[in-house]
Amino acid sequence: MCPTCRRTGIIHPFNSKVRVKLSLILLVHTSAKDYSKLTPYILAIIKLDEGPRLTSQVICDHSKIHIGMKVKSVFRKLGEESDKGMIYYGTKFVPMESKV
């Protein structure tokens, strides 16, 4: 649902293979005001085996992350708008060996 116009869209499910790899890693030290409590955090470009790439946050110790690392998706809280009461959930990634 769009928080601005409250319209719903059509969601098409897509199941990727489990194997996805990191192809670019960014460690963010300075962020927008709403995300300042989360710094530093890791953003990465994640390459799916099927070819597409996506940008997402990776939850792990930044000293242990590396290009080519295999990761898996997890469902996490992304944020909230207290004045509208909306909580946003979505996909983040963790290393494959993580039990998070």
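Above this note sits the structure.
Described below are features of the structure shown in this document. No experiment lies behind these values; they were computed from the predicted model shown.

Cut-offs used in this document
Residues numbered from 1 in each chain as written. Predicted model: local features only at pLDDT ≥ 70, side-chain atom pairs only at ≥ 80, totals over all residues. Heavy atoms only, no water. Helix = DSSP H or I, 4+ residues; strand = E, 2+ residues; numbered from the N terminus. Buried < 20%, exposed > 50% of the residue type's maximum accessible area, 1.4 Å probe, protein only. Contact = heavy atoms within 4.5 Å. Areas by Shrake-Rupley, 256 points an atom, 1.4 Å probe, with all protein chains shown as cover. Core = buried A, V, L, I, M, F, W, Y, C linked by side-chain atoms within 4.5 Å. Patch = residues over 30% accessible without salt bridge, like charges linked within 9 Å, V, L, I, M, F, W, Y side chains within 5 Å. Salt bridge = Lys/Arg side-chain N within 4 Å of Asp/Glu carboxyl O. Lys, Arg positive; Asp, Glu negative; His and termini not counted. Charge placed at Lys NZ, Arg CZ, Asp CG, Glu CD. Pairing = 2+ DSSP bridges. Phe/Tyr/Trp six-rings, centres within 6.5 Å; stacked < 30°, edge-to-face > 60°. Polar contact = N/O pair within 3.5 Å; in protein donor to acceptor, adjacent residues only side chain to side chain.

As for the overall build of the protein chain
Item 1. Each helix and strand counted, the protein chain has 0 helices and 5 strands in total.
Item 2. Sorting the 100 residues of the protein chain into buried and exposed places 23% on the buried side.
Item 3. Within the protein chain, contacts between residues separated by at least 24 positions form 45% of all contacts whose residues are at least 6 apart in sequence.
Item 4. Approximately 7,600 Å² of the protein chain is accessible, and the part contributed by carbon and sulfur atoms is 56%.

Quick look at the nonpolar core
Grouped burial of nonpolar side chains is what soluble globular proteins tend to show.
Item 1. Membership of the largest hydrophobic core is limited to 11 residues, which are V20, L22, I42, A44, I46, L48, V58, I65, M69, V71 and F93.
Item 2. Broken down by secondary-structure element, the contributors of at least two residues to this core are β1 (20–28) and β2 (41–48).
Item 3. Among the elements that take part in this core, β2 stands out by supplying 4 residues, more than any other.
Item 4. Apart from residues no more than four positions distant in its own chain, I46 is found in contact with V20, K21, L22, P52, R53, L54, S56, V58, V71 and F93.

As for the environment of E97
Item 1. With respect to the helices, strands and loops of the structure, E97 is situated in the segment after β5 (86–95).
Item 2. Sequence separation of E97 and K70 is 27 residues, and the distance between their C-alpha atoms is 8.7 Å.

Remarks on a positive patch on the surface
Item 1. A contiguous patch of positive charge on the surface is contributed by K21, K47, R53 and K70.
Item 2. One can find K21 in strand β1.

A few points about the pairing of strand β3 (residues 53–58)
Item 1. Across 6 bridges, β2 lies against β3 in antiparallel orientation. Within β3, the position partnered with I42 by the bridge is V58.
Item 2. Between the antiparallel neighbours β2 and β3 lie 4 residues, among them G51 with a positive phi of about 120°.

Concerning the packing of aromatic side chains
Item 1. Enumeration over the complete set of coordinates arrives at 1 aromatic pair.
Item 2. Ring centres of F75 and Y89 lie 5.7 Å apart, and the angle between their planes is 15°; on these two criteria the pair is classed as stacked. Placement of the pair is F75 in strand β4 (residues 70–81) and Y89 in strand β5, with a sequence separation of 14 residues.
Item 3. A relative accessible area of 59% means that F75 is categorised as exposed.

Considerations on the side chain of Q57
Item 1. Inspection of the secondary structure assignment puts Q57 in strand β3.
Item 2. Given a relative accessible area of 16%, Q57 falls into the buried group.
Item 3. In terms of polar contacts, Q57 uses its side chain to reach the side chain of K92, at 3.0 Å.
Item 4. Those residues within four positions of Q57 in sequence are excluded, and the remaining contacts are Y41, I42, L43, K92 and F93.

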